[in-house]
Amino acid sequence: MSATAELERWLLVWRRTFSAANSEIRGRLAEAESRYRKAIGILPTTPTKIALARTLSAMHRAKEAIAIADPVAKAQPQSAVALVALAEAQLEGGRFADA
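Conventions we followed
- Residues numbered from 1 in each chain as written.
- Predicted model: local features only at pLDDT ≥ 70, side-chain atom pairs only at ≥ 80, totals over all residues.
- Heavy atoms only, no water.
- Helix = DSSP H or I, 4+ residues; strand = E, 2+ residues; numbered from the N terminus.
- Buried < 20%, exposed > 50% of the residue type's maximum accessible area, 1.4 Å probe, protein only.
- Contact = heavy atoms within 4.5 Å.
- Areas by Shrake-Rupley, 256 points an atom, 1.4 Å probe, with all protein chains shown as cover.
- Salt bridge = Lys/Arg side-chain N within 4 Å of Asp/Glu carboxyl O.
- Expected span 1.5 Å × (residues − 1).
- Axes fitted to C-alpha atoms, helices over the stretch in contact; angles between N-to-C directions.
- Parallel < 35°, antiparallel > 145°, perpendicular 65-115°, else oblique.
- Left-handed = near helix turned anticlockwise from the far one by under 90°.
- Nonpolar A, V, L, I, M, F, W, Y, C, P; charged D, E, K, R; others polar.

**Student:** Is there a simple way to think about the overall build of the protein chain in this case?
**Tutor:** Check the secondary structure of the protein chain and you find four helices and zero strands. Moving toward the C terminus, one meets the helices and strands of the protein chain in the order α-α-α-α. A buried classification covers 25% of the 99 residues belonging to the protein chain. Counting contacts in the protein chain only where the partners sit at least 6 residues apart, residues at least 24 apart contribute 38% of the total. Carbon and sulfur atoms make up 61% of the accessible area of the protein chain, which totals about 6800 Å².

**Student:** What is the right way to look at the pattern of salt bridges in this model?
**Tutor:** Pairing between side chains becomes possible if they bear opposite charge and their charged atoms approach one another. Overall, the coordinates contain eight salt bridges when judged by the stated rule. Ionic pairing is found between Glu31 and Arg35, a salt bridge with its closest N-O pair at 2.9 Å. One end of the pair, Glu31, and the other, Arg35, are both in helix α1 (residues 3–42), four residues apart, so they sit about a helical turn from each other. Take Glu31: its relative accessible area is 40%, and that puts it in the partly exposed class. With a relative accessible area of 56%, Arg35 lands in the exposed category. Glu64 is the partner of Arg61 in a salt bridge, and the nearest nitrogen-oxygen pair spans 2.8 Å. Accessibility expressed as a relative area gives 25% for Arg61, which makes it partly exposed. On the accessibility criterion, Glu64 (33% relative accessible area) is partly exposed.

**Student:** Just checking my understanding: could you explain helix α4 (residues 80–92) for this structure?
**Tutor:** Since one α-helical turn is 3.6 residues long, residues separated by three or four positions face the same way. Compared with an ideal rise of 1.5 Å per residue, which puts 13 residues at 18 Å, α4 spans 18 Å between its outermost C-alpha atoms and is within 8% of the ideal. Of all the residues in α4, the buried ones are Ala82, Ala85, Leu86, Ala87, Ala89 and Gln90. Contacts made by the buried residues of α4 are with α2 (46–58) and α3 (62–75). Directly beyond the C-terminal end of α4, a positive phi value near 80° is found at Gly94.

**Student:** How do you make sense of the packing of α3 against α4 when you look at a structure like this?
**Tutor:** For any two helices packed against each other, the geometry comes down to the angle between their axes and how far apart the axes lie. For the pair α3 and α4, interaxial distance at closest approach is 8 Å and the crossing angle is 155°. In terms of orientation, α3 lies roughly antiparallel with respect to α4. Of the two possible hands of crossing, α3 and α4 adopt the one that is left-handed. Touching Ala62, Ala65, Ile66, Ala69, Asp70, Val72 and Ala73 of α3 are Ala82, Leu83, Ala85, Leu86, Ala89, Gln90 and Glu92, all from α4. Its residues assigned to classes, the contact of α3 with α4 comprises eleven nonpolar, one polar and two charged.

Laid out in C-alpha cells, this is it:
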C-alpha cells in the first residue's frame, strides 16, 4: 500500500471517529455553556467568564467568545489565562493579526 493510500485510509477512519464523537461533544459543550451562563448570572467571576469564552470558541462562536474574553483580558492584562482565551477566540474568528 502506498503512503498516500495509507494516509487516506487513516483520514477516513479519523473522520468517522470524529463524526461520531462530535455530536456527543456538541451536546456537552451546549450543556457547559448553559451552566457557565447560569453561574455568571449568580456570581460573575473571572474564571467562569474565561471558561464560557473558551467553550464558545470550541463551539465556533468566536464573536460571542471575544465579547466575553476581551473585557476580561483588558481588565487583567497580566493574566495569561485571560489572554490565551482571547487569543483562542480571535484565532477562531479569523482575526489572526489581533491574536
